[in-house]
Amino acid sequence: MSFQAPKGVSEYVPPRSALMLRIRDAFADSARRAGYGYVEPSVFEETQLFVRGVGESSDVVTREMYTFDDRGGRSITLRPEFTAGVLRCVLEHGLHKGALPVKVWAYGAAFRYERPQAGRYRQFYQVDLEAIGTEDPAVDTETIAIAWDAYRALGISRLTLLLNSLGDPACRPVYRKALQEYLRGLDLDAETRQRIELNPLRVLDDKRPEVRAQLQDAPVMADFLCPDCAAHHDRVRELLGDIGIPWTDAPRLVRGLDYYTRTTYEFDHPLLGAQSAIGGGGRYDGLSEDIGGPPLPSIGWAVGVDRIVLAMEAEGLTGAETAGTQVFGVPIGDAARRIMLALVTSLRRAGITTDMAFGERGMKGSLKAADRSGASYAVLIGEREQAADAVLIKDLRNGEQVEVAAAAAVAWLTERVLGEQR
Ligand code: HAM
């Protein structure tokens, strides 16, 4: 019997997995430079948190959650996204009682029972960032800038920022009604008709050409924004202009989660086909109250690490991932292996990436492994070297060999390797 990973799960192994860490670190660096602290919230939550937080009418809650009863009979759900859990965590630990906004970021897997396809998985990875407890439009722009700069630091150049406002409880209901009236007059199937009553904004997101054609003249939120929301939106755009981040107004951009208010945005990559969103976020000014907390207007984003891997591959940005092996040890015989392990450990402690041949490989096999490792130097220890209390160092790039006293080997190699790095 052999096993495979569950359907729709993306796994990463070397060398590709190194990209995941690079992506995580680029977003983490960008977030840290703006004063965001790391949080590690629970991977699973009480199901009700997502039902109340993400929204009963969202696709995520109605059909995509991994929900099960634990052995104590509690309904548990693997996080389909971070925001509700991060906010729950911040409230539970009382971080909102200190200075506002609370600025945090997180990283890890999220789970959605979706139809798997390129760029859409059932287990996927997000970097998430949240600024909790301020209405200031400057923080909307800050969150966008943090993501933008991270994408850029990774070398991603083909990037579009789509920007919209979804209004607030004052103006959205008026828009919702106007949209419903318009949609009810269209030729749509029963399921979509049901959606008009439950979550009409989602109909705007329908990808089918026959539906899209009918949506051309649908009313847009931008024409219904109340003065406060319109002023907020204008300010965000003004500030984006100040810091030189280009955006595209996307009046039909709706998001898949129900908690959004006012500013919403998505980062799109043109080379990814249907799953082109490599990140997205927005304001969720009412979410804290929805999950039993105090009023805490907030904003944040999550970026899809799996899709950023695909975007980087599409742009050819997959060059040298890590500092490769610099020194490779070739011991001949048992006694030499013992000496070599000590030498290799010392070299690593001195900051040199070092590997060695394991097992009974013989001189030829070991030297082949040294060549394959990409190391600049091989260190050989055989009977002759042991007798002379020395090591033989071979420059693998030009074949030159030199015998060095065993006690001086670490200093000799450290000086050469670190010197060449500079
Ligand atoms: P989201 O748009 O659902 O937002 O997800 C953010 C990003 O995660 C997407 O743009 C996409 O790159 C990636 N993603 C989502 N689903 C999948 C999937 N099935 N497979 C691969 N990648 C996927 C949120 O999750 C919000 N919590 C973002 C947020 C934070 N809003 C405010 N704060």
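The preceding data block contains the structure.
Residues numbered from 1 in each chain as written. Predicted model: local features only at pLDDT ≥ 70, side-chain atom pairs only at ≥ 80, totals over all residues. Heavy atoms only, no water.

Caption draft 1: Looking closely at the sheet that holds strand β4 (residues 75–78). One open sheet accounts for three strands, arranged β2-β4-β3; its pairing is antiparallel. Only two strands of the sheet have a single partner each, and these edge strands are β2 (44–46) and β3 (67–69). Geometrically, the sheet is characterised by an average inter-axis angle of 35° between neighbouring strands, direction not taken into account. Bridge analysis of β2 against β4 gives three bridges, and the strand direction is antiparallel. Bridging across to β4, glutamate 46 finds its partner in isoleucine 76. (Pairing = 2+ DSSP bridges. Helix = DSSP H or I, 4+ residues; strand = E, 2+ residues; numbered from the N terminus. Axes fitted to C-alpha atoms, helices over the stretch in contact; angles between N-to-C directions.)

Caption draft 2: Highlighting the site of the ligand. Lining the immediate environment of the ligand, one finds 27 residues, of which Glu81, Glu114, Tyr121, Glu130 and Tyr260 sit closest. With respect to the ligand, the side chain of threonine 83 contributes an N or O atom lying 2.9 Å from a nitrogen atom. The fraction of the free accessible surface of the ligand (650 Å²) that becomes covered by protein chains is 96%. The biggest single contributor to the shell around the ligand is strand β10 (residues 277–283), with six residues. Per-class residue counts for the shell around the ligand are ten nonpolar, nine polar and eight charged. (Near = heavy atom within 4 Å. Polar contact = N/O pair within 3.5 Å; in protein donor to acceptor, adjacent residues only side chain to side chain. Areas by Shrake-Rupley, 256 points an atom, 1.4 Å probe, with all protein chains shown as cover. Nonpolar A, V, L, I, M, F, W, Y, C, P; charged D, E, K, R; others polar.)

Caption draft 3: A look at helix α4 (residues 83–92). Counted residue by residue, α4 has nine buried out of ten residues, so it is predominantly covered. Listed in full, the buried residues belonging to α4 are Thr83, Ala84, Gly85, Val86, Leu87, Arg88, Cys89, Val90 and Leu91. Those residues of α4 that are buried are in contact with β2, α2 (47–53), β5 (102–111), β6 (123–132) and α11 (287–290). A positive phi of about 70° marks glycine 94, the residue just after α4. (Buried < 20%, exposed > 50% of the residue type's maximum accessible area, 1.4 Å probe, protein only. Contact = heavy atoms within 4.5 Å.)

Caption draft 4: View of the pattern of salt bridges. In the structure shown here, the tally under the stated rule is 31 salt bridges. The partner of arginine 88 in a salt bridge is glutamate 45, with the nearest N and O atoms 2.7 Å apart. Placement of arginine 88 in helix α4 and of glutamate 45 in strand β2 is noted, with a sequence separation of 43 residues between them. One salt bridge in this structure joins glutamate 385 and arginine 384, with 3.5 Å as the shortest N-O distance. For glutamate 385, a relative accessible area of 7% gives the class buried. A relative accessible area of 57% places arginine 384 in the exposed class. A single salt-bridge network, built from bridges that share partners, covers Asp59, Arg63, Glu191, Arg195, Arg202, Asp205 and Lys207. (Salt bridge = Lys/Arg side-chain N within 4 Å of Asp/Glu carboxyl O.)

Caption draft 5: Examining unusual backbone geometry more closely. A cis amide bond links proline 14 with the next residue in sequence, proline 15, at an omega value of 5°. By secondary structure assignment, the location of proline 15 is in the segment before α1 (17–33). The omega torsion across leucine 100 and proline 101 is 0°, close enough to zero to call that bond cis. Of note, arginine 262 is a non-glycine position whose phi angle comes to about 50°, a positive value. Tracing the backbone through its elements, the reader meets arginine 262 in strand β9 (residues 261–268). A relative accessible area of 8% means that arginine 262 is categorised as buried.

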